[in-house]
Amino acid sequence: MTLFLGIDGGGTGCRAALADAEGHVLGRGHGGPANINTDVDGAAANILAATSRAVADIGTDPRDLIATLGLAGGTITAATNRLTELLPFARVQIVNDAITATRGALGADDGILAALGTGSVFAVQRAGKVRQVGGRGFLLGDEGSGAVMGRELLADAMRAGDGFLPMTPLLQDLLDEYGGAEGIISFGNRASPAQFGELAPRIVNSGDQAANRIFTRAVEEIRHILTVLQDGDNMPVVFVGGLGSHYAARLNAPWPVQAARGDSVDGALLMARQMAGAA
């Protein structure tokens, strides 16, 4: 019996699922980080650990599996080539995790995925082909993300302290909490995107004028991105990620909004089965 493996991997961990040709899940496993942009060898070890846990009850040899891996860093050719050398699977396909997330969310139907959390990435699926846009990181992209909005909030706090923006209760609170502009600068010099992103709930759940200004600007940026991806169509949009529901509620978009059918592991399993002609 041919069996299929789906993997979803990123900076915090990876998940694996084993399925038969009909898509019935037979086993699941978890492993450590699997971002191949930062550590290919470590990702390979963690992927294999998750795979071993997924096949433990079946006793399948990983060398017999047909696998699709949706991984952070999956667009980097050198990294995917190196990882392929380290994996034992009979057949393997490595893509970015946004691709598998899109397949999981939309199945085979046309539509758009907007993944908005600490970072952001978008993908459009037409006639079974997926095109990813965005997801270029905190410094050069990640439009509408929690990390970018958090950075903007702290920058506005310093501007308000200098008298260039109206001071609001939230901005004053931040200046007090961080110890003024000097404290904010010190934080910014060492903070990770995730630490900036921790400020996002104080933006999307706030009635503060400064928070509303930042979120309104981000909403309009996301509206523009989705309008361009629609290209005159009226495809459904699936919002995922920690901020997805906030954008879905605030956009009041003209396109249908639907819930995700599945997640990135589901999408990876579907792609593995399609690769072998089983779906």
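Asker: Describe the overall build of the chain, and please don't skip the residues or the numbers.
Answerer: When helices and strands are counted, the chain shows 11 helices and 9 strands. The C-alpha atoms of the chain give 21 Å as radius of gyration, which agrees with the globular expectation for 279 residues (19 Å, within 12%). Across the 279 residues that make up the chain, the buried fraction comes to 48%. Long-range pairs, those at least 24 residues apart, make up 62% of the contacts in the chain with a sequence separation of at least 6. Carbon and sulfur atoms form 50% of the exposed surface of the chain, whose accessible area is close to 12600 Å². Treating the 21 positive side-chain charges of the chain as one cloud and the 29 negative ones as another, the clouds have centres 4 Å apart.

Asker: Talk me through unusual backbone geometry; I want residue IDs and the actual numbers.
Answerer: Residues other than glycine predominantly adopt negative phi, and peptide bonds predominantly adopt the trans conformation. If you check the backbone angles, Ala127 has positive phi at about 50 degrees while not being a glycine. Within the secondary structure, Ala127 sits in the loop between strand 7 (120-126) and strand 8 (129-134). With phi around 55 degrees, Asp142 is a residue other than glycine that occupies positive phi space. Here Asp142 shows up in the loop between strand 8 and helix 4 (146-162).

Asker: Describe the packing of aromatic side chains, and please don't skip the residues or the numbers.
Answerer: Applying the stated criterion across every chain yields a total of 4 aromatic pairs. The interplanar angle of 25 degrees and the centroid separation of 5.2 Å between the aromatic rings of Phe138 and Phe196 together place this pair among those described as stacked. Here Phe138, found in the loop between strand 8 and helix 4, pairs with Phe196, found in helix 7 (residues 193-197); they are 58 residues apart in sequence, far enough to count as distant. Each member of the pair, Phe138 together with Phe196, is buried. In this structure an aromatic cluster arises from ring pairing among Phe138, Tyr178, Phe187 and Phe196. The ring of Phe138 carries the charged tip of Arg151 above its face, separated from the ring centre by 5.0 Å.

Asker: Report on the nonpolar core, specifying residues and quantitative values.
Answerer: One recurring pattern in soluble globular proteins: nonpolar side chains tend to sit buried together. Among the nonpolar cores identified, the biggest contains 43 residues, and Phe122, Met149, Leu226 and Tyr247 are the most heavily contacted of them. Counting residues in each nonpolar core, the second largest holds 24 residues, with Ile7, Leu18, Ile36 and Leu71 among its members.

Asker: So what about the layout of surface pockets? Which residues, and what values?
Answerer: Taken as a whole, the largest pocket encloses approximately 1000 Å³ of empty space. The leading source of residues in the lining of the largest pocket is helix 3 (residues 97-106), at 4 residues.

Asker: Outline the environment of Asp41, supporting the account with residue identities and numerical values.
Answerer: Residue placement: Asp41 occurs in helix 1 (residues 40-55). By relative accessible area, Asp41 is classed as partly exposed at 45%. Separated by 93 residues in the primary sequence, Asp41 and Gly134 have C-alpha atoms spaced 26 Å apart. Beyond its immediate chain neighbours, meaning those up to four positions away, Asp41 contacts Arg82 and Leu86. A distance of 3.4 Å separates the side chain of Asp41 from the side chain of Arg82, its partner in a polar contact.

Asker: Can you break down the pattern of salt bridges residue by residue, with the values?
Answerer: Using the criterion set out here, one finds 12 salt bridges in the structure. Residue Glu85 pairs with Arg82 through a salt bridge whose shortest N-O separation is 3.7 Å. Remark: Arg82 and Glu85 occur in helix 2 (residues 77-86); sequence separation between them is 3 residues, near one turn of the helix. What makes Glu85 exposed here is its relative accessible area of 61%.

Asker: Just give me the short version of the sheet that holds strand 9 (residues 237-240), but keep the residues and values in it.
Answerer: Ordered by their spatial adjacency, 4 strands build an open sheet running 8-7-6-9, and the pairing between neighbours is mixed. Only two strands of the sheet have a single partner each, and these edge strands are strand 8 and strand 9. This sheet shows a mean twist of 15 degrees between the axes of neighbouring strands, independent of strand direction. Contacts from helix 10 (residues 244-251) reach strand 6 (111-116) and strand 9 within the one sheet, and its direction differs from that of strand 9 by about 135 degrees.

Asker: Talk me through the packing of helix 9 (residues 209-230) against helix 10; I want residue IDs and the actual numbers.
Answerer: Each packed pair of helices is defined by two parameters, the angle between the axes and the distance between the axes. With their axes 10 Å apart at the nearest point, helix 9 and helix 10 run at an angle of 85 degrees to one another. Taken as axis vectors, helix 9 and helix 10 run roughly perpendicular relative to one another. Where helix 9 abuts helix 10, its residues Asn212, Phe215, Thr216, Ala218, Val219, Ile222, Arg223 and Leu226 lie against His246, Tyr247, Arg250 and Leu251. Looking at the contact of helix 9 with helix 10 residue by residue, the class counts come to 7 nonpolar, 3 polar and 2 charged.

Asker: How would you summarise the sheet that holds strand 1 (residues 4-9) if you had to cite specific residues and measurements?
Answerer: Strand order in this open sheet of 5 strands is 3-2-1-4-5, and the pairing throughout is mixed. Of all strands in the sheet, those with a lone pairing partner are strand 3 (25-31) and strand 5 (91-96), marking the two edges. Shown here is a sheet whose adjacent strand axes are inclined to one another by a mean of 15 degrees, direction ignored. As paired strands, strand 1 and strand 4 (residues 66-71) are joined by 6 bridges and run parallel to one another. When the bridges of strand 4 are listed, Ile7 appears paired with Leu69. Across the sheet, helix 11 (residues 264-275) is in contact with strand 1, strand 2 (14-19), strand 3, strand 4 and strand 5; its angle to strand 1 comes to roughly 140 degrees.

Basis of the calculations
Residues numbered from 1 in each chain as written. Predicted model: local features only at pLDDT ≥ 70, side-chain atom pairs only at ≥ 80, totals over all residues. Heavy atoms only, no water. Helix = DSSP H or I, 4+ residues; strand = E, 2+ residues; numbered from the N terminus. Rg over C-alpha atoms; globule rule 2.2 N^0.38 Å. Buried < 20%, exposed > 50% of the residue type's maximum accessible area, 1.4 Å probe, protein only. Contact = heavy atoms within 4.5 Å. Areas by Shrake-Rupley, 256 points an atom, 1.4 Å probe, with all protein chains shown as cover. Lys, Arg positive; Asp, Glu negative; His and termini not counted. Charge placed at Lys NZ, Arg CZ, Asp CG, Glu CD. Phe/Tyr/Trp six-rings, centres within 6.5 Å; stacked < 30°, edge-to-face > 60°. Lys NZ or Arg CZ within 6 Å of the ring centre and 35° of its normal. Core = buried A, V, L, I, M, F, W, Y, C linked by side-chain atoms within 4.5 Å. 1 Å grid on protein atoms, 1.4 Å probe; cavity = no way out; pocket = protein on both sides within 12 Å on 5 of 7 lines; lining within 4 Å. Points joined across faces, edges and corners; volume = space filled by probe spheres on them. Polar contact = N/O pair within 3.5 Å; in protein donor to acceptor, adjacent residues only side chain to side chain. Salt bridge = Lys/Arg side-chain N within 4 Å of Asp/Glu carboxyl O. Pairing = 2+ DSSP bridges. Axes fitted to C-alpha atoms, helices over the stretch in contact; angles between N-to-C directions. Parallel < 35°, antiparallel > 145°, perpendicular 65-115°, else oblique. Nonpolar A, V, L, I, M, F, W, Y, C, P; charged D, E, K, R; others polar.

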